[in-house]
Every structure is written in C-alpha cells, then in structure tokens.
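Each chain is listed here by its residues.
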Amino acid sequence: MERPRLEIDLEILQQQRWQQEQEEQQRIGQKLPEAIEDVQDHLNQNNLLKEFPQEQQKQLTEALAVEVAKKKHFDKIDGVGLSKDGNYLVAHIRHNVAAHIDIRQTLNFGTTTS
C-alpha cells in the first residue's frame, strides 16, 4: 500500500529541518571557541563579573558566548556590558546586533524545583 503524499512531504520537511538544525549547530560549534575568547577578553577588561565566584563567571561567559556564536553576523564583539537594570549581560556585535543572557536565569537563581 502506498503512503499518502502528505505523509511523505511531512517526512521530507522533517528531514530538511533536522539537517538545517545540524548545520546550524555545526556553525555555532565552529564559532564558539572564538566567541568564548572574545567574551572573556571583554569581561576581563571591564571586570564586570568580579563579584561572582569563578565557577559562575565561567558559566556566564560560556552562556553569553553561545548566544554570540548563534548570531549570523558574529565576527567580533564591539563591547560587553550589563543592562540598565543589571539583570542581563549583553554583548554588542557589529551590524547593530546584540546577544544577551538573563544572569539570574543562567545561574538558576530564584528557581524552585518540585
């Protein structure tokens, strides 16, 4: 019995989506080491995370670097800073693009587990 055309089309679309996601993960993985180094350099220059223990500094650096690496225009960070309310760590990238992370969420502050 032949499979319906809609089912075949859906399967093809799922395979294409999976392939695109794999390519995106590969692109991010290739950019990540450079992004980590760039984020770390900016954070060291600004001493932005000095009040955090070293393990949390590393966690925040890596989380922001992942967000930076996800940006298609990433080649160099123009600057890293805190949001006005101090809740977000923000990396400014060329082409008016910014990558950011929520500090509390990244460090799992204020979350409860059931």
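Everything numeric in this text was worked out from a predicted model, so none of it was measured. (Residues numbered from 1 in each chain as written. Predicted model: local features only at pLDDT ≥ 70, side-chain atom pairs only at ≥ 80, totals over all residues. Heavy atoms only, no water.)

The next subject is the pattern of salt bridges. A side chain with one charge may pair with a side chain of the opposite charge, provided their charged atoms come close. Applying the stated criterion to the full structure yields two salt bridges. Residues Glu 24 and Arg 27 are paired through a salt bridge, measuring 2.8 Å at the closest nitrogen-oxygen approach. Taken together, the residues span about one helical turn, with Glu 24 and Arg 27 both in helix α1 (residues 5-46) at a distance of three residues. For Glu 24, a relative accessible area of 26% gives the class partly exposed. (Salt bridge = Lys/Arg side-chain N within 4 Å of Asp/Glu carboxyl O. Helix = DSSP H or I, 4+ residues; strand = E, 2+ residues; numbered from the N terminus. Buried < 20%, exposed > 50% of the residue type's maximum accessible area, 1.4 Å probe, protein only.)

All right, on to the side chain of Asp 38 then. Mapped onto the elements of the fold, Asp 38 is located in helix α1. One buried charge, Asp 38, has no salt-bridge partner; the nearest side chain with opposite charge is Lys 76, at 5.2 Å. Ignoring sequence-local partners within four residues, the contact set of Asp 38 consists of Phe 74, Lys 76 and Ile 77. (Lys, Arg positive; Asp, Glu negative; His and termini not counted. Contact = heavy atoms within 4.5 Å.)

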